[in-house]
Amino acid sequence: MCQIKLIKVSAEYAEKILEYRAEFPTERMRVTYDPSRIPGMDYLEKYETVFEWLQFCEDMVDKITWYMAIRENDGKIVGFIVFRHKLEYDDDDIEFASNFGYSVRPSERGKGYAKEQLRLGLQKAKEMGLDKVRIVCRDINIGSNKTILANSGVYVDMIHGEVSGMNINRYDIPLS
């Protein structure tokens, strides 16, 4: 795996953001209640243009921060991660709330980027003074479950979404 760094989303990367989004087929496995949402790019599906979404991201900077995982050797976006500073900023039911949501570009999966991206995100949470975070993922998402466990995730429980029909694993990660 090549080195990556987290960079806040910006207009400088607008074209690369759209290229990243285009790599997710509509028939992909649904990971959120809204099938048009790509984890880590929360709310992009609600805006006509990437520039409108970027303005929304800027407006929410005190509550939610979006980062791109940029591969250092070629500047390619390999992943996205959203950091919700408090669980209350997740738009899901609080039982399903997560401090982080993330995705890795389909063509870049299986290379360790998710694990590193989450590790870097956890550093951001610690810098903001959090002492633990909550992360959720579908029970059948083997890669995400492994990513969370590899970053010191402590399994809390599995809950079932009555509306979505999904089983969700909940983890806490201490940041001490």
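Please read these numbers as outputs of a predicted model, since none were measured by experiment.

Here is what the cut-offs are and how they apply
- Residues numbered from 1 in each chain as written.
- Predicted model: local features only at pLDDT ≥ 70, side-chain atom pairs only at ≥ 80, totals over all residues.
- Heavy atoms only, no water.
- Pairing = 2+ DSSP bridges.
- Helix = DSSP H or I, 4+ residues; strand = E, 2+ residues; numbered from the N terminus.
- Axes fitted to C-alpha atoms, helices over the stretch in contact; angles between N-to-C directions.
- Buried < 20%, exposed > 50% of the residue type's maximum accessible area, 1.4 Å probe, protein only.
- Arc of directions from axis to C-beta.
- Contact = heavy atoms within 4.5 Å.
- Salt bridge = Lys/Arg side-chain N within 4 Å of Asp/Glu carboxyl O.
- Parallel < 35°, antiparallel > 145°, perpendicular 65-115°, else oblique.
- Nonpolar A, V, L, I, M, F, W, Y, C, P; charged D, E, K, R; others polar.
- pLDDT = per-residue confidence, 0-100.

A. Just the sheet that holds strand β6 (residues 154-160), in detail. One open sheet holds the three strands; their spatial order is β5-β7-β6, and the pairing between them is antiparallel. With one partner strand each, in any of the chains shown, β5 (132-138) and β6 form the two edges of the open sheet. Here the strands of the sheet are splayed against their neighbours by 25° on average, with no regard to which way each runs.

B. Molecular detail of the sheet that holds strand β2 (residues 64-71). Sheet architecture is open: four strands sit in the order β1-β2-β3-β4, paired in antiparallel fashion. The open sheet terminates on both sides in strands that have one partner only, identified here as β1 (4-8) and β4 (100-104). Put simply, the sheet's adjacent strands are angled 20° from each other on average, direction ignored. In the sheet, β1 pairs with β2 via five bridges, with the strands oriented antiparallel.

C. Broad picture of helix α4 (residues 142-150). Where α4 is concerned, the buried positions are S144, N145, T147 and I148. Down the axis of α4, the buried set is contained in an arc of 160°. They therefore lie on one face. Facing away from the buried side of α4 by over 90 degrees, the exposed positions are I142 and K146. Lining the buried residues of α4 we find β4, α3 (113-127), β5 and β7 (167-174).

D. View of the pattern of salt bridges. For the structure on display, the rule yields 11 salt bridges. For the salt bridge of D42 with R84, the shortest nitrogen-to-oxygen distance reads 2.5 Å. Of this pair, D42 sits in the loop between α1 (14-22) and α2 (50-59) while R84 sits in strand β3 (residues 77-84), placing them 42 residues apart in sequence. Given a relative accessible area of 3%, D42 falls into the buried group. Here R84 falls in the buried class, since its relative accessible area comes to 6%. With a shortest N-O distance of 3.1 Å, K76 and E108 are connected by a salt bridge. Placement of K76 in the loop between β2 and β3 and of E108 in the loop between β4 and α3 is noted, with a sequence separation of 32 residues between them. Assessed through its relative accessible area of 26%, K76 is described here as partly exposed.

E. Just the pairing of β4, in detail. Within β4, five of the five residues are buried, which leaves it mostly tucked inside the rest of the structure. Two strands pair when backbone bridges link them, and β3 and β4 are joined in this way by five bridges, in the antiparallel orientation. By the bridge assignment for β4, V82 is matched with G101.

F. Examining the packing of α1 against α2 more closely. Following both chains from N to C, one finds α1 and α2 inclined at 105°, their axes separated by 10 Å at the closest point. Looking at the two axes, α1 sits roughly perpendicular to α2. Each of A14, I17 and L18 in α1 lies in contact with α2, whose residues at this interface are V50, F51, W53 and L54. Per-class residue counts for the contact of α1 with α2 are seven nonpolar, no polar and no charged.

G. Fine view of the confidence of the model for the protein chain. Averaged over the protein chain, the pLDDT score is 90; the fraction of residues at 70 or greater is 92%. Taken element by element, the predicted model of the protein chain shows its lowest mean pLDDT in α1 (93) and its highest in β1 (98).

H. Just the environment of V156, in detail. When you line up the elements, V156 lands in strand β6. Each C-alpha atom, one on V156 and one on G75, is 36 Å from the other, the two residues being 81 residues apart in sequence. Residues contacting V156, with those up to four places away along its chain left out, are R134, R170, Y171 and D172.

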